[in-house]
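Notes for the structure review
So the chains spell out like this:
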Amino acid sequence: MPADQRDPPSSRSPLFGVLPWPERTAIAGALRTETVGGMVLLAAALLALIWANTPLSGVYESLRDFHFGIPALGLDLSVQHWAADGLLALFFLVAGIELKRELVVGELRTPATAVLPVVAAVCGMAVPAALYLATVWAGGGSPGGWAVPMATDIAFALAVLAVISTHLPAALRAFLLTLAVVDDLGAILVIAVFFTADLNLWALAAAFAGLGVFYLLQRYRVRGWWWYVPLGVAVWALMYNSGVHATVAGVAMGLILRSRRDAARGRRPAESASPGERVAHLLRPVSAGIAVPLFALFAAGVSLSGPALGAVFTQPEPLGVVLGLVIGKTVGVFAGTYLTARFTRARLNPDLAWADILALAALAGIGFTVALLIGELAFTDPAATAHIKAAVLVGSLVAAALATLLVRRRNTLYRRLYEAENLDADADGIPDIYQHNQPGTPAGGPAGRGRTYG
């Protein structure tokens, strides 16, 4: 069946209707990998918490603080810093690739489809930051952690959905993924602009030169990992030594990788996958299943003693983080979504209610990985950092519990929508909802198809 027959016309597309078939196919693999990675992430975080609160906590701290590397190249780092600066660069590389795909062929390629996730993400970053600042202003605390509650951890959120065995419709999951992608871009911009000190301009210039070479290799269709892997490592090392957080190198290279497949030209056959697709296919399991869990293992090990947990609710900085994640993120994402729909006159999928969007907004309050990273950058005092990490854990768990309550009460509806979206009575590999002229279905398909945001 031609693709244009599977894509419902946008004129009939309500807000959070059934995803167009190509978009659903592209996103399904990413969501599947992130869900599995999220389960591993939860296990790693739980292991870190248990390990750091047992008599073996000294072993944990010794391993976390053990240094190794190449001092002559400025790369003598602790295990924890290798995880934060090195392994998370892979996470941000995959995030950069996903953002590029969304910009070129996905939801962010046109203003009509981009406006909702972008506005929701911006509001979902601004409101938590503002609530944090208001909290620390009222309590006389430090404003330095304003960016901690800004980002959504998509892997953690999807793991929560897997644990509670929900059937959240694909369009809502895809919106959550797109929201997290925009969040990641906002987080990396915040890290690059606000958490950069002692700039080494020569190293920064060399890093940008390396990125220029990376672009030219892509521009002239040069293939072969032996070009890109050494160059990527060099760019990462130069970015680290420049004073800019090394993860910026990852997202920059992800944005440079091509996302469109080349058509056949002369004797050159058409590409079966773009460079971005190939790299994401190889690295997404490594990022979700190894890099992020290892970062969590060495970042989430904080004391859960009574005084430490008490500080979360009595000191303004950690309290601001908890309120920012649980309340700020939920209010920001929901308000951004509602106001965008209101002013663009988009209509909500009649099968859904605004309570479903509120549940999705609560899920966005799970800000584990990037929140921990920014917390380490924003606070240099070990005691303050430990309190902020505890606040991130508490805030993410409270947001997960709130989202679970909101999602589970509607799971019967989600199950029905899920079954309708995946029904394939003729067993041709394409759900029947994407095929026109089904018996009893008017041409153009069911009213719940597709999406428009304006």
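This one's a predicted model, so the numbers in the text were calculated from it and none came from an experiment.

**Considerations on the pairing of strand E1 (residues 67–70)**
Examined bridge by bridge, E1 and strand E2 (residues 75–78) share four bridges and lie antiparallel to one another. Bridge pairing links Ile 70 to Leu 75 in E2. Connecting the antiparallel pair E1 and E2 is a turn made up of four residues, with Gly 74 showing a positive phi of about 70°.

**Details of a nonpolar patch on the surface**
A surface patch of nonpolar side chains, about 620 Å² in accessible area, is lined by Trp 225, Trp 226, Trp 227, Val 229 and Val 233. Within the fold, Trp 227 resides in helix H9 (residues 225–242). A relative accessible area of 46% places Trp 227 in the partly exposed class.

**With respect to the nonpolar core**
One finds Phe 16, Phe 295, Val 321, Leu 363, Ile 366, Phe 368 and Ile 374 to be the most contacted residues of the largest nonpolar core, which totals 118 residues. Setting aside its immediate chain neighbours within four residues, Ile 374 contacts Ala 147, Val 148, Ala 187, Ile 191 and Phe 195. One finds Leu 75, Ala 89, Ala 237 and Ala 246 within the second-largest nonpolar core, a separate group that totals five residues.

**Observations concerning the pattern of salt bridges**
Counted by the stated rule, this structure contains eleven salt bridges. For Arg 64, the salt bridge identified is with Asp 65, shortest N-O distance 3.3 Å. Here Glu 271 ties to Arg 258 by a salt bridge, and the two come within 3.0 Å at their closest N and O atoms. Of this pair, Glu 271 sits in the loop between helix H10 (247–256) and helix H11 (275–299) while Arg 258 sits in the loop between H10 and H11, and the two are 13 residues apart along the sequence.

**Re the confidence of the model for the protein chain**
In the predicted model, the protein chain carries a mean pLDDT of 84, and 90% of its residues have values of at least 70. In the predicted structure, residues 1–12 sits below a pLDDT of 50 and forms 21 contacts with residues beyond four places in sequence or in another chain. Here residues 437–454 is a poorly scored stretch, pLDDT under 50, and it has 61 contacts once near neighbours within four places are set aside; other chains count.

**Some details on the packing of helix H3 (residues 57–65) against H11**
Packing of H3 against H11 brings their axes to within 10 Å, and their N-to-C directions diverge by 125°. Compared by their axis directions, H3 and H11 come out oblique. In contact with Tyr 60, Leu 63 and Arg 64 of H3, H11 contributes Leu 297, Phe 298 and Ala 299. Of the residues in the contact of H3 with H11, the class split is five nonpolar, no polar and one charged.

**Observations regarding the environment of Leu 63**
Note on placement: Leu 63 falls in helix H3. Of the residues examined, Leu 63 reaches a relative accessible area of 36% and is grouped as partly exposed. Sequence spacing of Leu 63 and Gln 80 is 17 residues, and the spatial spacing of their C-alpha atoms is 8.6 Å. Leu 63 has contacts with Trp 51, Val 79 and Phe 298, leaving out every residue within four places of it along the chain.

**So, helix H8 (residues 201–219)**
For H8, spanning 19 residues, the distance from its first C-alpha to its last is 26 Å, which sits close to the expected 27 Å at 1.5 Å a residue. Residues of H8 that are buried include every one of Ala 203, Leu 204, Ala 207, Gly 210, Leu 211, Phe 214, Leu 217 and Gln 218, and no others. Viewed end-on, H8 has its buried residues packed into an arc of 130°, placing them on one side of the element. Opposite the buried face of H8, by more than 90 degrees, sit the exposed residues Leu 201, Trp 202 and Phe 208. Residues of H8 that are buried sit in contact with H9, H10 and H11. By the N-cap criterion, in which a side-chain oxygen at the helix start approaches the backbone nitrogen of a residue two or three places on, H8 is capped by Asn 200, the distance to Trp 202 being 3.2 Å.

Scoring rules and cut-offs
- Residues numbered from 1 in each chain as written.
- Predicted model: local features only at pLDDT ≥ 70, side-chain atom pairs only at ≥ 80, totals over all residues.
- Heavy atoms only, no water.
- Pairing = 2+ DSSP bridges.
- Helix = DSSP H or I, 4+ residues; strand = E, 2+ residues; numbered from the N terminus.
- Patch = residues over 30% accessible without salt bridge, like charges linked within 9 Å, V, L, I, M, F, W, Y side chains within 5 Å.
- Areas by Shrake-Rupley, 256 points an atom, 1.4 Å probe, with all protein chains shown as cover.
- Salt bridge = Lys/Arg side-chain N within 4 Å of Asp/Glu carboxyl O.
- Buried < 20%, exposed > 50% of the residue type's maximum accessible area, 1.4 Å probe, protein only.
- Core = buried A, V, L, I, M, F, W, Y, C linked by side-chain atoms within 4.5 Å.
- Contact = heavy atoms within 4.5 Å.
- pLDDT = per-residue confidence, 0-100.
- Axes fitted to C-alpha atoms, helices over the stretch in contact; angles between N-to-C directions.
- Parallel < 35°, antiparallel > 145°, perpendicular 65-115°, else oblique.
- Nonpolar A, V, L, I, M, F, W, Y, C, P; charged D, E, K, R; others polar.
- Expected span 1.5 Å × (residues − 1).
- Arc of directions from axis to C-beta.
- Polar contact = N/O pair within 3.5 Å; in protein donor to acceptor, adjacent residues only side chain to side chain.

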